[in-house]
Amino acid sequence: MNRVAKKSAGILAAAIVVGAVGVAPLTTAGVATAETGSYFERTATYPVYQNDPDGAAAETASEISTVSEDGKTLIYSDALARQVGFVDISDPAAPKGLGTLPLHQLGSPEDEPTSVAAYGEYVFVVVNTSESYSNPSGRVDVVRIADRTLVHSIELTGQPDSIAISEDGAYAAIAIENERDEDAGDGGLPQAPAGAIEILDLVGENPEAWSVREVPLTAGPREAPIALPMLNDAGFDTPQDPEPEYVTINAKNQLAVTLQENNGVVLIDLPSGDITDAFSAGSVDLENIDIEKDGKLDPTGSLKDVPREPDAIGWIQDRYLATANEGGWKGGSRGFTIFDSETGEVAWDAGNTFERLALSQGLFPEKRAGKKGVEPEGLAIDNFNGVDYAFVASERGNFVAVYELSDPTNPEYVQTLPTTNGPEGILPIPGRDLLAVASETDEADKGVRSSITLFSFGATEAQFPALASSIENLVPFGALSGLSENPEELEKLYAVSDSAYEPRIYSIDTAQKPALVESSMAVTKDGAPAEFDLEGIAARAEGGFWAAHEGQEGAENALVRIDEAGAVIEEVSLPAEVVAELGGQGLEGVSVRGEGAEEEVIFTLQREVPGEDFVRIGKYVPDSAEFTWYGYQLEPAGDDGSWNGLSEITELPDGSFAVIERDKRNGENAELKALYKFELPEGVAGEVTMLEKELAVDVLPVLEATNGWTQEKLEGLAVAGSGDVYIVTDNDAVDDASGETVFANLGAAEEVFGLNERPVESQTPDETDTPDESAAPEASPTAEPSQRPEVNETPSEETTEPKQEQSSEPTKEPSEEEPEQRKIDRLADTGANSLWLIPVGLVAAGLGLAAAIKNSRARR
């Protein structure tokens, strides 16, 4: 759906700062370097509703996936829609839905798939047929992949969960969980009947000849199970109700199964069916993590003696076992652990590093801080290019962390792979150098759908993150809603977070790779954390900031002046006669020009004031406390219930202004994410002067460039002192959103905004061939004259030149400017896939820009 408007291809070449090596919480893997091409790169995000006959209206959830023998047909379980889906991944960049197999065609409409596993020409579909928690049942359906016909069904003794197939193809093992009813009593254990392991002996080619045998994990009758001595001696929580969760098989046909609620692991010899060992997963002490749901990213908490309660498990080199410690009813250690299967001892533990990784990359789900935090649930181990890797999924943080395992007792962090919501099924496909991640959360009302995300192995650098803080000097961040230049330092920016958290102002060093969130400070009022929804920020020439506070109602919208230490020193309410009828979606962006008596605060509302068909952009002069108003005409939003609005405003080096105009849509439905520019005339008090806008660049291709879920909230825009243009998305605090922060350098402002070109008429991002020659639309006033200022329907012919004042900032010596070769390298670094080349003329045009921009700013 790439819509490349005029200049978009060139801008995209300069924009992909997302090709940035991630910040490592551990030692960065030696194998994963730019020379070896040992990174994973996202190639596609496929919403599985597209594979459903009901399309976007369907409720779907891809949970566990498998792949055909040739690696070209991906098959996933969809418990929500009670079906199994098939996707053609022959082209990893363009997956195609092949339709679904509803389980009512195999048994009953009430049947629920819990897992799938491909085996030769067949796929095992593991089915929960239970009528109740107390009377669990299930089966395995053997389905021919080619024609999706049922070949054979095998009845199971209870409610199944996961399945694993041995490397030699001789066995399949299924965890019969017989899960607890969380609404029964206190929701705890024990609850009969107990779970077990069932082994399928896959002897011969005829599925009808395959047999099943049970490995009980308890003794005694079904109604009153008794703990086995080995499990009891291992120190399990409630060994008479083991509840096996996840199974994995090594090359020696040893089965390992997690008992999540019992916080343990059991080993079984598949040929004999004997239980050979059982050990507790133990507990962990955690320091410097966020443990309270309080609207703050505050990694100063601690937890003591937390049971790991592992979910997914995987073998490493036939000896070690890695577990994703999601937690359950008593714990959740927010990390993953590697055990020595020969001793049951911990060989390595992530401690707090997995959670702090999320905090450092804007992926921490703060609303889950008081529960299980990032909830590592899915895990897979496999070998790519002769190297073992672990893939650990954060169910709540919406990412997969990749670790290199040459030494299983010392994993080395490689990179982070952002996904859509609720990643659970992790499927390495090393034969095709692919990794598939199935994300189960489907939230159509939030615009984020359950998806299959594909990554290819062999990239020379990591796509994500483009913005991060250091693990060692952690500065947690998220929900970034505005950007500003730093007038004192050419390659630094300020950012601000919105009401998802207590407001903070962040400092970003764009010279680092990824760009470094180096510090933050709280915004305070009367010595306490301020209660603001800050949607925009602008640094003042004389120090401090102006910020835009979006009130829940019109009268609460205010411009806020903040000093260098983050303290609020002034609040300026917008005129009641203008904003009184506003509900939400008020103040959204702010910019500042001039200083002293010449200082002007330029700001924008997000949407139309009721009764008006344009968005207001305002100018406030602090010295006189006067407001002047302008009208900005939004692009049509369509008739699907969405809307368009403004998200940011910033001054350009030539004295004109740019805004972000975006729609409410995300994912494959996103249509409008663009930058428009306009001149700001003098304006007339008591009137609304309509503006003529000009499309500068369609940003949608930039947001789509790394093949993820296209973010809705393009909210930050700034021109740094270096002259480069930066954008950032608001990740909604990883709350009902994918949580991925896109931060990108669009290139030199001179090129992005065509500051040396003749203006073209207004056009939409899709109108790339010829400009729209229509004049700016007229306003349609509906309010009474006494309630509404007069609208000046044509722009004033008088324009205000930038203020010619001398800056108090001392002029830096030429030696302090960025070296020319470094500028060339930075502009030429395209990041994702390296698909675009920057024209030599673009590079040359940008070389002298930093000094020119600085001089321009000094005159304001």
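It should be emphasised that the depicted structure is a prediction, and the values quoted were computed from it without experimental measurement. (Residues numbered from 1 in each chain as written. Predicted model: local features only at pLDDT ≥ 70, side-chain atom pairs only at ≥ 80, totals over all residues. Heavy atoms only, no water.)

**Considering the side chain of Glu 550**
Applied cut-off: Starting at the N terminus, helices and strands are each numbered in turn, a helix being any DSSP run of H or I of at least four residues and a strand any DSSP run of E of at least two. Here the term buried applies to any residue with accessible area under 20% of the maximum for its type, exposed to any over 50%, and partly exposed to those in between, with areas from a 1.4 Å probe on protein chains only. Note that His is not counted, nor are the chain ends; the positive residues are Lys and Arg, and the negative ones are Asp and Glu. Note on definitions: salt bridges are taken to be side-chain nitrogens of Lys or Arg within 4 Å of carboxyl oxygens of Asp or Glu. By the criterion applied in these results, polar contacts are pairs of N or O atoms within 3.5 Å in which, for protein atoms, one can donate a hydrogen and the other can accept it, and in which residues neighboring in sequence qualify only through two side-chain atoms. Two residues form a contact once any of their heavy atoms are found within 4.5 Å.
Mapped onto the secondary structure, Glu 550 falls in the loop between strand S41 (545-549) and strand S42 (558-562). Lys 713 provides the closest opposite charge to the buried, salt-bridge-free Glu 550, at an N-O distance of 7.9 Å. Polar contacts involving the side chain of Glu 550 include one to the main-chain amide nitrogen of Gln 585, which spans 3.0 Å. Leave out the neighbours within four places in its chain, and Glu 550 touches Asp 533, Glu 535, Asn 557, Gly 584, Gln 585, Gly 586, Leu 587, Glu 588 and Gln 606.

**Observations regarding the sheet that holds strand S50 (residues 673-678)**
Whether parallel or antiparallel, the strands of a sheet pair through hydrogen bonds between backbone atoms. Stated precisely, the cut-off is as follows: At least two bridges found by DSSP between two strands is the condition for calling them paired. Axes here refer to lines fitted to C-alpha atoms; in helices the fit is confined to the stretch in contact. Angles between the N-to-C directions go from 0 to 180 degrees.
Pairing in this open sheet of 4 strands is antiparallel, and the strands run S48-S49-S50-S52 from one edge to the other. Strands at the two margins of the open sheet, each flanked by one partner only, are strand S48 (644-651) and strand S52 (694-698). Averaged over all pairs of adjacent strands, the angle between strand axes in this sheet comes to 30 degrees, irrespective of strand direction. Across 4 bridges, S50 lies against S52 in antiparallel orientation. Note on S52: the bridge partner recorded for Lys 677 is Glu 694.

**Topic: the environment of Ala 547**
Relative to the assigned elements, Ala 547 resides in strand S41. Given the relative accessible area of 0%, Ala 547 is considered buried. Setting aside chain neighbours within four positions, we find Ala 547 in contact with Leu 534, Gly 536, Ile 537, Ala 558, Leu 559, Val 560, Ile 562 and Val 590.

**Brief notes about the environment of Glu 69**
Here Glu 69 is to be found in the loop between strand S2 (65-67) and strand S3 (73-78). For the pair Glu 69 and Ala 118, spaced 49 residues apart in the sequence, the C-alpha separation amounts to 7.4 Å.

**Let's talk about the side chain of Gln 606**
Within the secondary structure, Gln 606 is located in the loop between strand S45 (600-605) and strand S46 (615-621). A relative accessible area of 5% places Gln 606 in the buried class. Within polar-contact distance, the side chain of Gln 606 engages the side chain of Glu 588 at 3.5 Å. The residues contacting Gln 606, other than those within four sequence positions of it, are Glu 550, Gln 585, Gly 586, Glu 588, Val 615, Trp 643, Gly 645, Leu 646, Ser 647 and Arg 662.

**Thoughts on the confidence of the model for the protein chain**
Counted only if it meets this: For every residue, the pLDDT score states the predictor's confidence, bounded by 0 at the bottom and 100 at the top.
For the protein chain, mean pLDDT is 87; residues scoring 70 or higher make up 84% of the total. Here residues 1-6 scores under 50 on pLDDT; set against residues more than four positions off or in separate chains, the count is 23 contacts. Here residues 767-860 scores under 50 on pLDDT; set against residues more than four positions off or in separate chains, the count is 164 contacts.

**Structural notes on the nonpolar core**
Operational definition: Side-chain atoms within 4.5 Å are what join buried Ala, Val, Leu, Ile, Met, Phe, Trp, Tyr and Cys residues into a set we call a nonpolar core.
Core analysis: the biggest nonpolar cluster contains 39 residues, and Leu 559, Phe 603, Ile 617 and Phe 678 have the highest contact counts within it. In contact with Phe 603, not counting residues within four places along its chain, are Leu 559, Leu 574, Leu 587, Gly 589, Val 590, Ile 617, Gly 618, Lys 619, Tyr 620, Phe 627, Trp 629 and Ile 649. Among the nonpolar cores identified, the runner-up in size contains 32 residues, and Ala 322, Phe 354, Ala 358 and Leu 379 belong to it.

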